[in-house]
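Reading the structure
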Amino acid sequence: MSAPRPRSARLAQSPAVLRDGRWWLVGDAGAVPVSDPSFATVLDDFAETVAAADRAVADLRARPSEPSASSTQGRR
């Protein structure tokens, strides 16, 4: 089961914003709803991929650091 989506979220640093389950392209002049289902599916997939990458990075940062092999070479 995936985590619930926020009501409004910008996709990375793009003009794509998810509001109440619908994608919008937002710019200085206003917002346009994404009406192409194929494009909306691509945005959904990309958003899931970005979220998975964010979780992976958070997991890596939460691990205790281990000395690398190169930092232990030469020590006696």
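Look above for the structure.
Below, the structure is looked at part by part.

Quick notes on the rules
Residues numbered from 1 in each chain as written. Predicted model: local features only at pLDDT ≥ 70, side-chain atom pairs only at ≥ 80, totals over all residues. Heavy atoms only, no water. Helix = DSSP H or I, 4+ residues; strand = E, 2+ residues; numbered from the N terminus. Contact = heavy atoms within 4.5 Å. Pairing = 2+ DSSP bridges. Axes fitted to C-alpha atoms, helices over the stretch in contact; angles between N-to-C directions. Patch = residues over 30% accessible without salt bridge, like charges linked within 9 Å, V, L, I, M, F, W, Y side chains within 5 Å. Areas by Shrake-Rupley, 256 points an atom, 1.4 Å probe, with all protein chains shown as cover. Salt bridge = Lys/Arg side-chain N within 4 Å of Asp/Glu carboxyl O. Buried < 20%, exposed > 50% of the residue type's maximum accessible area, 1.4 Å probe, protein only. Core = buried A, V, L, I, M, F, W, Y, C linked by side-chain atoms within 4.5 Å.

On to the environment of Ala40, then. Mapped onto the elements of the fold, Ala40 is located in helix H1 (residues 37-62). Ala40 sits 18 residues away from Arg22 along the chain, and the two C-alpha atoms are 8.2 Å apart. Ignoring any residue separated from it by four or fewer positions in sequence, one finds Ala40 in contact with Trp23 and Val34.

So, about the sheet that holds strand S3 (residues 22-27). Taken together, four strands build an open sheet; the order of strands is S1-S2-S3-S4 and the sheet is antiparallel. This sheet does not close on itself; its edge strands, each paired only once, are strand S1 (8-10) and strand S4 (30-33). Along the sheet, successive strands turn relative to each other by an average axial angle of 30 degrees, direction set aside. Along the sheet, H1 makes contact with strand S2 (16-19) and S3, crossing S3 at roughly 90 degrees.

All right, on to a nonpolar patch on the surface then. Together, Leu25, Val32, Phe39 and Val42 line one region of the surface with nonpolar side chains, adding up to about 320 Å² of accessible area. Residue classification places Leu25 among the partly exposed positions, given a relative accessible area of 33%.

One non-glycine residue, Ala12, adopts positive backbone phi at about 50 degrees. Among the secondary structure elements, Ala12 is positioned in the loop between S1 and S2. Relative accessible area serves as the criterion here: at 47%, Ala12 is assigned to the partly exposed category. Even without glycine at this site, Asp20 takes up a positive phi of about 50 degrees. Under the relative-accessibility criterion, Asp20 is labelled exposed at 55%.

The next point concerns the nonpolar core. Formed by Leu11, Ala16, Leu18, Trp23, Val34, Ala40 and Leu43, the largest nonpolar core amounts to seven residues. Within the residue set of this core, elements represented by two or more residues are S2 and H1. With near-sequence residues (within four places) excluded, Trp23 lies in contact with Leu11, Ala16, Val17, Leu18, Pro33, Val34, Ala40, Leu43, Asp44 and Ala47.

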